[in-house]
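# Remarks on the overall topology
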Amino acid sequence: MCLIYVFGALIVITNGVYSQGMTTLPSKQNAVRDLFVAVGSPVKILCTEGKEIRVEWRLNSSVLYSNPILYIQNTSLKDQGIYTCHQQNGDLIQTLSLHLGYPPSPPDVYCWSPSYPKRAICSWTLNPDPILPTHYITTYRTYSDPLSSAQQCQKWEEQDSQCVLEELKMFEIEPTLINITAINALGSATRIWPFLFEDIVKPDPPVNVTVMVMPGRKLSVQWGPPPTWLDPVNFPLKYKVKFYWGKPETARTLGPYESNKMVLSGLVAGRTYYIQISAKDFLDGGQSSSWSGPISATIPVN
Ligand SMILES: *[C@@H]1O[C@H](CO)[C@@H](O)[C@H](O)[C@H]1NC(C)=O
Ligand SMILES: *[C@@H]1O[C@H](CO)[C@@H](O)[C@H](O)[C@H]1NC(C)=O
Ligand SMILES: *[C@@H]1O[C@H](CO)[C@@H](O)[C@H](O)[C@H]1NC(C)=O
Ligand SMILES: *[C@@H]1O[C@H](CO)[C@@H](O)[C@H](O)[C@H]1NC(C)=O
């Protein structure tokens, strides 16, 4: 347990609870002080130091109680709000904004490369959600080169929990290490995630899937490579075709195909078929893409 004085208020902190900016004294008494506390921890704040005057605490402007000590034994999210302490004549003594949440846990990281070998993307989540504002320091470096300085993993598509790795070397023997460090007012946590570039190749799904009914109860299926796959010439893709009627669990998968079209035959008149395509690196690196959205076509009865 530690005791900290904040502009005349005594704040008692237990269970490793931290609070931002507690060591600096505000210049104005009516400045709002942000207090960050872990859910479940106690909070104890003295309104005035020493002086035996009658005061009252208010929460969101409603009177809480007439007591110089604000004490919450087991904080929960519903205790969040603006706490103000007033003299009996209503004069404001201090204002406190109580924020509850959790220190970050090590991020769960997932990286994939939809644009091999140009770039890879990493995405992460925190469990539980820390609720409090949390920011990230994201760096990566190649394990085999400990002297090389870590590179920044830049924010990707304006997402706070996604970053992009560029200029990764192909066919490295040692893994690249990405370091995602989550930081908020209650603490920080780091996850180091090692990966080999070739193992995380995962194209986006193929696009522009079209299905045409052909004579003889056949369907002609065509598609285009995922536009995020930047170089289909030097890094070709192969495709699988999934089709079903009725329940999706009954689907059959055909392929792989190296071209962007195929013909489904032996189909049954009157049935509506659903067709989906997935792409994979031609050399079998990494994973298959997700399936494209189903496109349907009905075989005419006559
Ligand atoms: C604090 O409150 C939570 C939720 O109401 C409860 O589950 C927990 O047991 C309480 N902890 C203590 C130490 O009272
Ligand atoms: C106080 O106000 C905050 C912010 O508007 C709100 O989130 C919180 O639920 C309120 N607390 C109470 C106890 O009314
Ligand atoms: C991960 O990044 C954090 C924040 O930059 C840094 O403090 C930590 O030392 C790094 N850890 C490793 C193992 O590189
Ligand atoms: C998909 O269709 C759009 C619009 O018709 C076209 O601009 C685009 O080039 C096509 N992409 C591929 C990979 O075929």
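Relevant structure appears above.
Residues numbered from 1 in each chain as written. Chains lettered and ligands numbered in written order. Predicted model: local features only at pLDDT ≥ 70, side-chain atom pairs only at ≥ 80, totals over all residues. Heavy atoms only, no water.

### Considering the sheet that holds strand S9 (residues 92-101)
With mixed pairing, five strands are arranged side by side in an open sheet as S3-S9-S8-S5-S6. Each of the sheet's edge strands pairs with one partner strand only, and the pair in question is strand S3 (32-38) and strand S6 (62-65). On average, each strand axis in the sheet is tilted by 30° relative to the strand beside it, whichever way the strands run. With five bridges joining them, strand S5 (residues 55-59) and strand S8 (residues 81-87) adopt antiparallel strand pairing. Pairing of Arg 58 across the sheet is with Thr 84, part of S8. (Pairing = 2+ DSSP bridges. Helix = DSSP H or I, 4+ residues; strand = E, 2+ residues; numbered from the N terminus. Axes fitted to C-alpha atoms, helices over the stretch in contact; angles between N-to-C directions.)

### Overview of the site of ligand 2
Residues in close proximity to ligand 2 include Leu 59, Asn 60, Lys 78, Gln 80 and Gly 81, which together make up its full environment. Between Asn 60 and ligand 2, the recorded distance is 2.3 Å, taken from a side-chain N or O atom to an oxygen atom. One of the backbone N or O atoms of Gln 80 is found 3.3 Å from a nitrogen atom in ligand 2. When ligand 2 sits alone it has 360 Å² of accessible area, and the protein chains cover 36% of it. Along the lines of polarity and charge, the residues of the shell around ligand 2 split into one nonpolar, three polar and one charged. (Near = heavy atom within 4 Å. Polar contact = N/O pair within 3.5 Å; in protein donor to acceptor, adjacent residues only side chain to side chain. Areas by Shrake-Rupley, 256 points an atom, 1.4 Å probe, with all protein chains shown as cover. Nonpolar A, V, L, I, M, F, W, Y, C, P; charged D, E, K, R; others polar.)

### Considering the state of the cysteines
One pass over the structure, following the stated rule, counts three disulfides. Residue Cys 47 pairs covalently with Cys 85 via a disulfide, S to S 1.6 Å. The chirality of the disulfide connecting Cys 47 with Cys 85 is left-handed, given an S-S dihedral of about -100°. Highlighted residues: Cys 47 in the loop between strand S4 (43-46) and S5 and Cys 85 in strand S8, separated in sequence by 38 residues. The same class applies to Cys 47 and to Cys 85, which are both buried. Shown here is the disulfide that connects Cys 153 with Cys 163, its sulfur atoms set 2.1 Å apart. On the S-S bond that ties Cys 153 to Cys 163, the torsion sits near 90°, and the link is right-handed. Linking Cys 153 in the loop between strand S13 (151-152) and strand S14 (154-156) with Cys 163 in strand S15 (residues 159-166), this pair joins segments that are ten residues apart in sequence. By the burial criterion, Cys 153 is buried, and Cys 163 matches it. (Disulfide = S-S within 2.5 Å. Buried < 20%, exposed > 50% of the residue type's maximum accessible area, 1.4 Å probe, protein only.)

### Let's talk about the site of ligand 3
Ile 137, Asn 179, Thr 181 and Ile 192 make up every residue found near ligand 3. Here an oxygen atom of ligand 3 sits 2.3 Å away from a polar atom, N or O, in the side chain of Asn 179. Against a free-state accessible area of 360 Å², the protein chains account for coverage of 42% of ligand 3. Partitioning the shell around ligand 3 into residue classes produces two nonpolar, two polar and no charged.

### Quick word on the nonpolar core
In terms of nonpolar packing, the biggest core is built from 37 residues, with Leu 165, Ile 178, Leu 219, Val 221 and Ile 275 touching the most fellow members. Formed jointly, this core draws a minimum of three residues from each of two domains, domain 2 (108-200) and domain 3 (207-298). Leu 219 has contacts with Val 211, Met 212, Val 213, Met 214, Met 262, Val 263, Leu 264, Leu 267, Tyr 273, Ile 275, Ala 297 and Ile 299, leaving out every residue within four places of it along the chain. Val 43, Ile 45, Val 55 and Cys 85 belong to the second-largest nonpolar core, a separate cluster that totals 16 residues. (Core = buried A, V, L, I, M, F, W, Y, C linked by side-chain atoms within 4.5 Å. Domains from an automatic or database assignment. Contact = heavy atoms within 4.5 Å.)

### Section: the sheet that holds S13
The four strands lie next to each other as S13-S12-S16-S17, forming an open sheet whose pairing is antiparallel. Two strands lie at the open edges of the sheet, namely S13 and strand S17 (187-195), each paired on one side alone. As paired elements, strand S12 (residues 135-142) and strand S16 (residues 176-184) share eight bridges and run antiparallel to each other. When the bridges of S16 are listed, Tyr 140 appears paired with Ile 178.

### Examining a nonpolar patch on the surface
Taken together, Leu 64, Tyr 65, Ile 69 and Tyr 71 make up a surface patch of nonpolar side chains, about 320 Å² in accessible area. Of all the elements in the fold, those that place two or more residues in the nonpolar patch are S6 and strand S7 (69-72). Secondary-structure assignment places Leu 64 in strand S6. (Patch = residues over 30% accessible without salt bridge, like charges linked within 9 Å, V, L, I, M, F, W, Y side chains within 5 Å. Salt bridge = Lys/Arg side-chain N within 4 Å of Asp/Glu carboxyl O.)

### Concerning the packing of aromatic side chains
Counted by the stated rule, this structure contains eight aromatic pairs. Relative to Phe 195, the ring of Trp 193 has its centre 5.9 Å away and its plane inclined at 40°; by these criteria the two rings are tilted. Note on Trp 193: relative accessible area 23%, which makes it partly exposed. With centroids separated by 5.3 Å and ring planes inclined at 20°, the aromatic side chains of Tyr 244 and Tyr 274 adopt a geometry described as stacked. Taken together, the residues span a long stretch of sequence, with Tyr 244 in strand S20 (residues 237-244) and Tyr 274 in strand S23 (residues 272-281) at a distance of 30 residues. (Phe/Tyr/Trp six-rings, centres within 6.5 Å; stacked < 30°, edge-to-face > 60°.)

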